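# Survey of secondary and tertiary structure
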Amino acid sequence: DAGVTQSPTHLIKTRGQHVTLRCSPISGHKSVSWYQQVLGQGPQFIFQYYEKEERGRGNFPDRFSARQFPNYSSELNVNALLLGDSALYLCASSFLQGVPNEQFFGPGTRLTVL
Amino acid sequence: AQRVTQPEKLLSVFKGAPVELKCNYSYSGSPELFWYVQYSRQRLQLLLRHISRESIKGFTADLNKGETSFHLKKPFAQEEDSAMYYCALNPRAGSYQLTFGKGTKLSVIP
């Protein structure tokens, strides 16, 4: 297994555009979480999905949305991009909800908004 | 709301010296605490979690609920320990909605 995979690796957009980021969890993992990591900061929680349902949302505006598909892959969508949305977006997967087990991170998608 | 504070942005130690990376948290409940590490050009990975009470790569961390701290320690630093270290808090076991600190960059000088 290649671990958590994310696409694309890098992305350049202009202000006002829309972007879709994709994440494939480790095979068998049903929980996907999204994080935003701005340069020089730690990752900040955006969303968590489990079994295709939203289980948690961080302090982000409604321009951010996500969904999880029947195969447990996930998309993060950001509308009306702002310069401040430039960041590394991380996806993480874990096996179960409600049971302590490890969360595995992907390599991230680097988004640059010009 | 929960918060994780890592007071040192950068910590430089000599090889063989003891290491302590500080982490303080604020949360009213009983959180899970973690240390994550990111080596150069690698993805973020779990180093250790407080509930397992393991020693990984010689590192240990003890949860001190009275001082709300979860400091990471290693008695003898190695060059391969040079990396970015993040302390993280999970408000409920198994929720996977982590709050991270800003990170501490550990540099081990040969």
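What this report covers is the structure whose coordinates are included nearby. Position labels on residues start from 1 in each chain and follow its written sequence. Chain letters start at A and ligand numbers start at 1, both assigned in the order the entries are written. Owing to the predicted nature of the model, reporting of local features is limited to residues with pLDDT of at least 70; listing and counting of side-chain atom pairs is limited to 80 or more, with chain, interface and lining totals taken over all residues. Note: side-chain values were computed over all heavy atoms of the structure, leaving out hydrogens and water.

## A short note on the layout of surface pockets
Empty space among the atoms becomes apparent when a probe as large as a water molecule is rolled across them. Stated precisely, the cut-off is as follows: A cavity, in this analysis, means grid points on a 1 Å lattice covering only the protein atoms where a 1.4 Å probe fits yet has no way out; a pocket is instead an open set bounded by protein on both sides within 12 Å along at least five of seven lines, and a residue lines either one if it has an atom within 4 Å of a point. Grid points are joined across faces, edges and corners, and a volume is the space filled by probe spheres set on the points. Strands here are runs of E lasting at least two residues and helices are runs of H or I lasting at least four, both read from the DSSP assignment and numbered beginning at the N terminus. Throughout this entry, Asp, Glu, Lys and Arg are counted as charged residues, while Ala, Val, Leu, Ile, Met, Phe, Trp, Tyr, Cys and Pro are counted as nonpolar. The remaining residues, Gly among them, count as polar.
Of the voids in this model, the largest pocket is the one considered here, and its volume is about 550 Å³. Around the largest pocket sit 21 residues that line it, and Q44 and F45 of chain A together with Q2, L98 and T99 of chain B are the ones nearest its centre. Sorting the residues of the lining of the largest pocket by element identifies β5 (44-50) of chain A together with β1 (3-5) and β10 (99-100) of chain B as the ones contributing at least two each. Of the residues assigned to the lining of the largest pocket, the class counts are 8 nonpolar, 10 polar and 3 charged. Volume-wise, the second largest pocket comes out at about 420 Å³.

## Quick look at the sheet that holds strand β3 (residues 19-21) of chain B
All names here are of chain B. Our working definition: Whether two strands pair comes down to DSSP finding at least two bridges between them.
Strand order across the open sheet formed by 3 strands is β3-β8-β7, with antiparallel pairing between neighbours. The open sheet has two edge strands, β3 and β7 (60-61), and neither has a second partner. For β3 and strand β8 (residues 72-74), the ladder comprises 3 bridges, and the chain directions are antiparallel. Along β8, the bridge assignment pairs V19 with K74.

## A few points about the interface of chain B and chain A
For the record, the criterion: Contacts were defined at the residue level, with two residues in contact if any of their heavy atoms lie within 4.5 Å. Summed over both partners, the accessible area (1.4 Å probe) lost when two parts come together is defined as the buried area. Here, a salt bridge means any Lys or Arg side-chain nitrogen found within 4 Å of an Asp or Glu carboxyl oxygen.
Listed as interface residues are 17 residues of chain B and, on the opposing side, 28 residues of chain A. Counting each side, the surface lost to burial between chain B and chain A is near 1,700 Å², with a carbon and sulfur contribution of 50%. Considering only the surface of chain B that becomes buried against chain A, R43, Y96 and Q97 of chain B emerge as the three largest contributors, covering 39% of it. Scanning the region where chain B abuts chain A turns up 0 salt bridges.

## A word on the pattern of salt bridges
In plain terms, the rule: Only protein chains enter the calculation, and the probe is 1.4 Å; a residue is then buried if its accessible area is under 20% of its type maximum, exposed if over 50%, and partly exposed in between.
In this structure the tally under the stated criterion is 10 salt bridges over all chains. Residue E20 of chain B pairs with K73 of chain B through a salt bridge whose shortest N-O separation is 3.8 Å. A residue pair is termed long-range when its members are at least 10 positions apart, and E20 of chain B in strand β3 and K73 of chain B in strand β8 qualify at 53 residues. The class for K73 of chain B is partly exposed, based on a relative accessible area of 43%. Salt bridges here are not isolated pairs; linked through shared partners, they connect R22, R67 and E75 of chain A.

## Some details on empty space enclosed by the protein
Going through the model one piece at a time under the given rule, you end up with 1 cavity of 30 Å³ or more. Reported here for the largest cavity is a volume of approximately 30 Å³. Forming the boundary of the largest cavity are N101, E102 and Q103 of chain A together with F34, Y36, R49, Y96 and L98 of chain B. Of the residues belonging to the lining of the largest cavity, the class tally is 4 nonpolar, 2 polar and 2 charged.

Any link to function would need more than the numbers given here.
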